[in-house]
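# Residue-level structure breakdown
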Amino acid sequence: MDKIKGVITGDIIESSSIHLKYRDFLLASIGKIADELSAIGPLKMEFFRGDSFQMVIDTPENAMKIAVLLRAGLKSHTPAESKKPWDARLSLGVGSISYHAEQIVLSDGEAFQYSGRELDEMGKRRLMVKTRWADVNEELRVNTAFADEVISSWSVPQSQAVYQALLYGTSQKELADKFHTSAQNISKLLSAAKASLIQMYIDRYHTLISNFIE
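So, here's what we can say about the structure. Here the residue numbers are simple positions, counted from 1 along each chain's written sequence. Local features in a predicted model are, by the rule used here, given only for residues with pLDDT of at least 70; side-chain atom pairs are given and counted only at 80 or more, and totals for whole chains, interfaces and linings are based on all residues. Based on all heavy atoms of the structure, the side-chain values leave hydrogens and waters out of the count.

### Focus on the layout of surface pockets
This is how it is decided: Residues are said to line a cavity or pocket when one of their atoms sits within 4 Å of a point; the points come from a 1 Å grid over protein atoms alone, cavities being sets where a 1.4 Å probe fits but cannot get out and pockets being open sets with protein on both sides within 12 Å along at least five of seven lines. Grid points are joined across faces, edges and corners, and a volume is the space filled by probe spheres set on the points. Per the convention used, a helix needs a DSSP run of H or I reaching at least four residues, while a strand needs a run of E reaching at least two, with both numbered from the N terminus. Each residue gets one of three labels, nonpolar for Ala, Val, Leu, Ile, Met, Phe, Trp, Tyr, Cys and Pro, charged for Asp, Glu, Lys and Arg, and polar for the others, Gly among them.
Roughly 410 Å³ of internal volume is contained in the largest pocket. Along the wall of the largest pocket there are 16 residues; nearest its centre are Ser17, Ser82, Lys83, Lys84 and Trp86. Size it by volume and the second largest pocket reaches roughly 200 Å³. Together, Asn143, Phe146, Ala147, Val150, Lys194, Leu197, Ile198, Met200, Tyr201 and Arg204 line the second largest pocket. When contributions to the lining of the second largest pocket are tallied by element, the ones reaching two or more residues are α4 (134-152) and α8 (195-213). Among the elements that line the lining of the second largest pocket, the one with the most residues is α8, at 5 residues. Residues belonging to the lining of the second largest pocket are distributed by class as follows: 7 nonpolar, 1 polar and 2 charged.

### Let's talk about the pattern of salt bridges
Applied cut-off: For this document, the term salt bridge refers to a Lys or Arg side-chain nitrogen within 4 Å of an Asp or Glu carboxyl oxygen. A 1.4 Å probe rolled over the protein chains alone gives each residue an accessible area, and that area as a share of the maximum for its type sets the label: buried under 20%, exposed over 50%, partly exposed in between.
One pass over the structure, following the stated rule, counts 14 salt bridges. Put simply, Glu81 and Lys21 hold a salt bridge, and the shortest N to O gap is 3.5 Å. Of this pair, Glu81 sits in the loop between α2 (63-76) and β4 (88-96) while Lys21 sits in the loop between β1 (4-12) and α1 (23-37), and the two are 60 residues apart along the sequence. Of the two residues, Glu81 and Lys21, neither departs from the other in class, the shared state being exposed. Where Asp148 meets Arg125, a salt bridge forms, and the shortest distance between an N and an O atom there is 3.8 Å.

### Focus on the environment of Arg126
Condition: The contact criterion used throughout is that any non-hydrogen atoms of two residues lie within 4.5 Å. Any N or O atom pair separated by 3.5 Å or less is treated as a polar contact, with the protein-specific requirement of one donor-capable and one acceptor-capable atom, and with residues adjacent in sequence counted only for side-chain atom pairs.
With respect to the helices and strands, the residue Arg126 is situated in the loop between α3 (110-121) and β5 (127-131). A relative accessible area of 25% places Arg126 in the partly exposed class. Considering only alpha carbons, one finds Arg126 and Glu36, 90 residues apart in sequence, at a separation of 22 Å. If we skip the residues at most four places from it in the chain, Arg126 touches Ile13, Arg71, Asp87, Ala88, Arg89, Leu90, Asp148 and Ser152. A distance of 3.0 Å separates the side chain of Arg126 from the side chain of Asp87, its partner in a polar contact.

### Details of the nonpolar core
How we decide: We define the nonpolar core as a collection of buried residues of types Ala, Val, Leu, Ile, Met, Phe, Trp, Tyr and Cys that are connected through side-chain atoms lying within 4.5 Å of one another.
Residues Leu37, Met64, Trp154, Ile198 and Tyr205 are the most contacted members of the largest nonpolar core, which totals 57 residues. Looking at this core element by element, the count peaks at 9 residues for α2. The contacts of Leu37, once residues within four sequence positions are left out, are Leu43, Ile66, Leu69, Leu70, Tyr163 and Leu167. Membership of the second largest hydrophobic core comes to 5 residues, among which are Val7, Val56, Ile97 and Ala111.

### Observations regarding the pairing of β1
Short version of the rule: Note: two strands are recorded as paired if DSSP finds a minimum of 2 bridges between them.
With 9 of 9 residues buried, β1 lies mostly within the body of the structure. Where burial is concerned, the two faces of β1 agree: the one with Ile4, Gly6, Ile8, Gly10 and Ile12 and the one with Lys5, Val7, Thr9 and Asp11 are both buried. Examined bridge by bridge, β1 and β4 share 9 bridges and lie antiparallel to one another. Bridging across to β4, Asp11 finds its partner in Arg89. Judged from the 6 bridges that link them, β1 and strand β3 (residues 52-57) form a sheet pairing that is antiparallel. The residue of β3 that forms the bridge with Asp11 is Ser52.

### Things to note about the side chain of Thr144
Position of Thr144 relative to the elements: it lies in helix α4. When sequence neighbours within four positions are dropped, the list of residues in contact with Thr144 reads Arg125, Leu127, Met128, Val129 and Tyr201.

### Side note on the packing of aromatic side chains
Using the following cut-off: Each Phe, Tyr or Trp ring (for Trp, its six-membered ring) is paired with any other whose centre lies within 6.5 Å, and the angle between the two planes then decides the class: stacked below 30 degrees, edge-to-face above 60, tilted in between.
For the coordinates displayed, the defined rule picks out 3 aromatic pairs. Ring geometry for Phe47 and Phe53: centres 6.3 Å apart, planes at 75°, overall edge-to-face. Centre to centre, the rings of Trp133 and Phe212 are 4.9 Å apart; their planes meet at 25°, and the pair counts as stacked. In this pair, Trp133 sits in the loop between β5 and α4 while Phe212 sits in helix α8, placing the two residues 79 residues apart along the sequence.

Right, here's the structure in full:
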């Protein structure tokens, strides 16, 4: 039986409006974020069509945490002069991979098909997930819509605090020192970003997927 993996297909929102002088920085930022997120689970990423990318995650139970933090990380790298935070549409597929090619974009299987189809159909949403299990899809459909609304509203400072807190477990005091602000301000940022609810969502996704792949 083919091993279950997670595949994220994504594209940068309104990439054509990002100033040319930031294009290299944008792509480098995504690469840096992917490197940092590999601490959560082994992954491989590739760009295609300039502003789109695909990521294969060996531990599908960790794939949603990686997707959420990918968006938080991207927002965190937004240049100060940008009118709105950088963001991406992400579609996560969880299933088997039947064909492994040298290039990710040439590989195929359930996970790729789920991920690609959902991205094509997501409309104004920015985060979707589809797995091979109908019950899991039904539960995650509503939860993910709520999580997406929360993540889409994050400001750059909120995203920076969430990224550090959820990825590294950084304490509020440490975050305050890192960002040269007060612990009280960090607490307000994380509260406004509903970080604890997003963590609950990530944990629930982890439990659901883990139960099916064990």
